[in-house]
Amino acid sequence: MHPRRPLIGREDEQAVLDRAIDAARDGCGSLVLVTGEAGVGKTALVKAALAETDLLALASAPPHVDAEPYGPIVAVLRAFLHDAPDGLPGPGPLSIHLNILLPERGPPPERSDAPTLLEAVRWGMEQMAARRPAVVFLDDLQWADAATIDLLSAAATWLEQLPLLMIGAYRADGLPRDHPLRRLRLDLRRAGRARELSIKPLDQAGSSRLAACALGQRVSPHLQSILHDRTQGLPFFIEEVAMALAASGRLRETPAGLALDQRDPLPVPESVRDTMLLRTQGLSRDALQALQVAAVAGVRFDLDLVADLAGGDGGLDELIERGIVIEAERGVGAFRHALARDAIYADVPWGRRRALHRGLAERLEPRGAPLGLVAEHWGAAQETERARRALVAAVEAFCALHAYRDAARAAGRALALWTESSAADRLGLLERLGHCAELSGEPAEAVQAWRQAAAGWRDLGDLRRAATAERRLATVHEMQGAWDQSLAARLSAADAFSASGLPGDAAAERLSVVAHLRSAASLTAALPLLEIVHREADEAGRLDLKARAMGLEGSVRAKSGQHEAGLALVREGLSLALERDLPGLAAEVYQHLGDALEQAGQYGQARETYLTAAEFCRARGESGLAHVCMACMSVLLRQIGEWDRTLRVCRDVLASDESPAPARSVAGAMLGSIYAFRGDGPRARPLLLQSATLAHLIELAAIEIQDAWGLAFVEQLAGDDDAAAGHCRALLERWERTEERHYAISSLRWSATFFAVRGAAAEARACASALSRIAAENTHGEALAGLAHALGETLLLEGEAEQSARQFEHALALLRDTPLPFDVAQTHLRAGAALGAAGQHQRAVEHLTDAYRMARKLGARPLAAQATQELAALGESPERRPGRGMASGLERGGLSHRELEVLRHIALGRTDRDIARLLFLSPRTVERHVGNVLAKLNCRSRAEAVRRASELGVLGD
């Protein structure tokens, strides 16, 4: 047997592992990656650390290159069960899912999925660590399957709560750019959980000490220098060269230590291959034959299998006696290192290598060996068709384990081996590849697979299969936010379905396109498609599609300014859906009705419709759509000034895991904008940025515009006018690429004011021009008021203060019957500024006072502050005009004296009963004051209210 390698020059690295082991013993586990080039001593380091610990130590054997999904994890769990057969008790909600990986435990569940399987593995690890703190070592991860690597990414989080340390070792050299380990490292760094221990080669002193230990004698300085120069400090190489030189009799003893025999003309080996060839000198023919079979079999191999193929046990026994291979466990042989195996394998003649691979494949296949391994041997034997069949079978086996990344890789390899056999089978495998790539988060690979599949089915004349593939292609593009490609693929699928005699499927695809065009405010492009949809729905006899088309068309026409026609269509579609008992569809059309009413300025009816729609959805199990209805209602609530209610609705939407992306984007925009309008920029910014990112991805045009407005407001609050102007320009540019009307009015009006106040005449006029185009198509009061406001700004810029004031007051007259308090307050403010410039003092003060009072009621602190400044510029005291209580209330964050008094007691940690006793109030009254404080400061808890009040500086010293 080869002597055990001593651990030399690794004291610092071992200390790192010891600390991680101690932390796991104390209940704080982690994932530690050990990396370095091949032969540097990663495995030796970890095994030395495990040998000295009292924790349960479990290690998986190094996986073969074509490892089965979850192979290393399965090996660890089986090792645990070997020592503790009752260690994974069952049955249970997660226990049964482990049977997918450990079929010997019992039948698997009828249904499962990848997240549940990961949870089952987590549960298994928890059971293992609950018995005894543990260390799990996964070696040679560069060969591990993608499913195992994905699991490690998830494990890095939950390990922190367990007495369990996972150590993974892998080669750093030659790691492909697309290797899943690179993604794992990136994920860990982003999450702040990257713990990587890089092992470096030994220096000359360390190399000399290791060589002396391997040889059992001191080494001469000359030999030390040669060994370090040849091996570059790699421990495995040092040992192998030293032992090869000794075994070949090429060393002699000298007073300075062991040295090279100067009479030997052979050079010192300069590579692992040369070293291994030197070590095999003198082997018998049987041993050489067994060595070749073992090298072809892999780093680890079944001893009986190798003996069978080599023609007997004798050669293996000789290899084990010489220390060239070892018996790693009962019935399993192994090379001491993959480098040794690679060196021997490279020396096997090509023809002999092919024959041995074929022999191994023929013996492994009937044994039920891992399909990836069988395919690798058939491929190396140049048996292309048999390798392909094994890989196709592997795809299905990997999918059964939800190892979709590994399945996609196997499918790709099978396709690369495809010959002239069935084209339909090849296209079916391409579809499987597309599906697996989707599920494993590889959209580029999925796009390529689905595109090739669609083209192939078209070439075969199967338009129905082509249409199905294009539908899937559209979905993948949609996931990437590549909407032009997605819509093109859907329309192509619709045409193919239509040509295949499937008008219902064609109409459904076109309706998906229309729904997106509506969201993206590309209204003109939607209407011709709807004409085709109506025809196809009638041809298919699909009243559900007909009702949906009516709802969408009505919404599109309402957004285009055709309010009455739009409302009539939506109502007709809703009636049809309800009449035919189509609850899911009725829920969707209900939401369109609320939107159409809002577009028409019928805010009260719109609010009630949204509430009815949400309740309807919940009653029928459509909770996601219910959140969409509530999110849409939040836009309306913000517009009509019900800001506190808006905050509650948006928080509920964002707190629910069932809220779909559009609802989350809308709720984030509304919540962030109200925080901004109330002067809380730090709270507003992350919400608006998250909403903007999501809205851009799904092309929710109205919310993209709203987010740009909110971010401009935040930057203005922070004093960065240049950044604010950038957002306003982005808002204008985004609006130009849409047909959005209703939801752009307020943002364009505010932007016109922002630009005008800063003297940016061109940008202010651009906003006025945009509002003019909206007003031309949408003649209700809000649009006309927005235009009048913008014209007032441009006139004020030109020095026409009186005409400017008339435009602002005209805007106010148009808004008289419209419940839009924030818009009205802003226009009052600008009317006051214009009248002040025109010398009409009294009217200016009246408008500014109205602006202040409305802003104060909304809690819009920045707007109220602007009104106060304008009044001060006119020589008016806020205390005298708006009222002293109002001005001081603004300074107190909108809190009354009593509310502020209660909050100060809360900050001191007093209970409601304590506060009631000190202030001579009833506990119920104190509770009411606390509720008012939370509402006015937009907080959910008392602690949050205290922090918020401290930030505003209203608590005092």
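Residues numbered from 1 in each chain as written. Predicted model: local features only at pLDDT ≥ 70, side-chain atom pairs only at ≥ 80, totals over all residues. Heavy atoms only, no water.

### Here we look at the overall build of the chain
Scanning the chain from terminus to terminus reveals 46 helices and ten strands. By its C-alpha atoms, the chain is 115 × 75 × 55 Å across when sized along the principal axes. Pairs at least 24 apart in sequence give 66% of the contacts found in the chain among residues at least 6 apart. On the chain, roughly 40,000 Å² of surface is accessible, and the fraction owed to carbon and sulfur atoms is 50%. Where the 111 positive side-chain charges of the chain centre and where its 126 negative ones centre are 3 Å apart. (Helix = DSSP H or I, 4+ residues; strand = E, 2+ residues; numbered from the N terminus. Contact = heavy atoms within 4.5 Å. Areas by Shrake-Rupley, 256 points an atom, 1.4 Å probe, with all protein chains shown as cover. Lys, Arg positive; Asp, Glu negative; His and termini not counted. Charge placed at Lys NZ, Arg CZ, Asp CG, Glu CD.)

### A closer look at the sheet that holds strand β10 (residues 332–335)
Reading across the sheet, the three strands line up as β8-β10-β9 and stay open at both edges, with antiparallel pairing between neighbours. Bordering the open sheet on either side are β8 (300–302) and β9 (325–329), each of which pairs with just one other strand. Each neighbouring strand pair of the sheet contributes to a mean axis angle of 35°, computed without reference to strand direction. Pairing between β8 and β10: three bridges, direction antiparallel. Each residue of the ladder has a partner; that of D302, found in β10, is V332. Each of β8, β9 and β10 is contacted by helix α12 (residues 303–310), which is oriented at about 70° to β8, the strand it contacts most. (Pairing = 2+ DSSP bridges. Axes fitted to C-alpha atoms, helices over the stretch in contact; angles between N-to-C directions.)

### What about the nonpolar core?
Of all hydrophobic cores here, the largest spans 162 residues; its most connected members are V34 and M125. Those residues in contact with V34 that sit more than four places away from it in its chain are L17, K42, L45, V46, I167, G168, A169, Y170, L197 and I199. (Core = buried A, V, L, I, M, F, W, Y, C linked by side-chain atoms within 4.5 Å. Buried < 20%, exposed > 50% of the residue type's maximum accessible area, 1.4 Å probe, protein only.)

### Examining the environment of V392
Position of V392 among the secondary structure elements: in helix α17 (residues 384–400). By relative accessible area, which is 27% here, V392 ends up partly exposed. With near-sequence residues (within four places) excluded, V392 lies in contact with A414, W418 and L429.

### Brief notes about the packing of aromatic side chains
Considering all chains together, one arrives at ten aromatic pairs under this definition. A connected cluster of aromatic rings, assembled from ring pairs, spans W643, F677, W709, F713, W750, F754, F755 and F822. The cationic tip of R388 hangs over the ring face of W418; the distance from NZ or CZ to the ring centre is 4.1 Å. (Phe/Tyr/Trp six-rings, centres within 6.5 Å; stacked < 30°, edge-to-face > 60°. Lys NZ or Arg CZ within 6 Å of the ring centre and 35° of its normal.)

### Structural notes on the sheet that holds strand β5 (residues 196–198)
If you walk across this open sheet you meet the five strands as β2-β3-β4-β1-β5, and the pairing is parallel. Edge positions in the sheet fall to β2 (56–60) and β5, since each has one partner strand and no second. Taking each pair of neighbouring strands and ignoring which way they run, the sheet shows an average axis angle of 20°. Pairing of strand β3 (residues 134–138) with strand β4 (residues 164–171), which is carried by five bridges, proceeds in the parallel orientation. Within β4, the residue paired with L138 across the bridge is G168. Relative to β4, helix α4 (residues 114–131) is tilted by about 120°, and along the sheet it contacts β2, β3 and β4.

### Describing the environment of D178
Tracing the backbone through its elements, the reader meets D178 in the loop between β4 and α6 (180–190). With 49 residues separating them along the chain, D178 and L227 place their C-alpha atoms 36 Å apart.

### Here's the deal with the packing of helix α27 (residues 583–599) against helix α28 (residues 603–619)
Two numbers describe how α27 lies on α28: the axes approach to 8 Å, and their chain directions differ by 165°. The orientation of α27 with respect to α28, classified from their angle, is roughly antiparallel. Between α27 and α28 lies a crossing of left-handed hand. In contact with P583, A586, A587, Y590, Q591, L593, G594, D595, L597 and E598 of α27, α28 contributes Y603, Q605, A606, T609, Y610, T612, A613, F616 and C617. Class assignment of the residues belonging to the contact of α27 with α28 gives a composition of twelve nonpolar, five polar and two charged. (Parallel < 35°, antiparallel > 145°, perpendicular 65-115°, else oblique. Left-handed = near helix turned anticlockwise from the far one by under 90°. Nonpolar A, V, L, I, M, F, W, Y, C, P; charged D, E, K, R; others polar.)

### A look at the pairing of β3
Regular strands show a simple pattern: their side chains alternate between the two faces of the sheet. Taking burial as the measure, the five residues of β3 include five buried ones, the bulk of the element. Across the two faces of β3 the burial is the same, with A134, V136 and L138 and V135 and F137 all buried. Where β2 lies against β3, five bridges are found, and the strand directions are parallel. When the bridges of β3 are listed, L56 appears paired with A134. Viewed along the sheet, the connection from β3 through helix α5 (residues 146–158) into β4 turns out right-handed. (Right-handed = clockwise from strand over helix to strand, strands pointing away.)

### Examining the confidence of the model for the chain
Within the chain, residue pLDDT values average 90, and 96% of them lie at 70 or more. Counting contacts from residues 881–890, a segment whose pLDDT is below 50, to residues more than four positions away or on other chains yields 28 contacts. (pLDDT = per-residue confidence, 0-100.)

### Points about a negative patch on the surface
Together, D304, D313, D317 and E321 give the surface a local cluster of negative charge. Within the fold, D313 resides in the loop between α12 and α13 (314–322). (Patch = residues over 30% accessible without salt bridge, like charges linked within 9 Å, V, L, I, M, F, W, Y side chains within 5 Å. Salt bridge = Lys/Arg side-chain N within 4 Å of Asp/Glu carboxyl O.)

### Quick look at helix α10 (residues 272–279)
Counting along an α-helix, one turn takes 3.6 residues, and residues three or four places apart therefore face a common direction. Along α10, the residues that are buried comprise V272, T275, M276, L278 and R279. Considered in projection along α10, the buried side chains sweep an arc of 160° and stay on one side of the axis. Buried residues belonging to α10 abut α9 (235–247), α13 and α14 (338–346). (Arc of directions from axis to C-beta.)

### Description of unusual backbone geometry
Positive phi outside glycine occurs at Y70, with the angle close to 65°. Mapping Y70 onto the fold places it in the loop between β2 and α3 (71–83). In this structure, E699 takes a positive phi of about 55° despite not being glycine. Turning to its location among the elements, E699 is positioned in the loop between α32 (681–698) and α33 (701–717). By relative accessible area, E699 is classed as partly exposed at 23%.

### Comments concerning the pattern of salt bridges
Within the structure shown, the criterion is met by 63 salt bridges. One salt bridge in this structure joins K559 and D595, with 4.0 Å as the shortest N-O distance. Placement of K559 in helix α25 (residues 543–559) and of D595 in helix α27 is noted, with a sequence separation of 36 residues between them. Looking at K559, the relative accessible area reads 9%, which means it is buried. Taken together, the shared-partner salt bridges connect R471, E478, R490, D505 and E509 into one network.

### A short note on the packing of α9 against α10
Relative to each other, α9 and α10 sit at 35°, their axes nearing to 9 Å. Between α9 and α10 lies a crossing of left-handed hand. In this structure, α9 contributes F236, F237, E240, V241, A244 and L245 to the contact, and α10 contributes V272, T275, M276, L278 and R279. Of the residues in the contact of α9 with α10, the class split is eight nonpolar, one polar and two charged.

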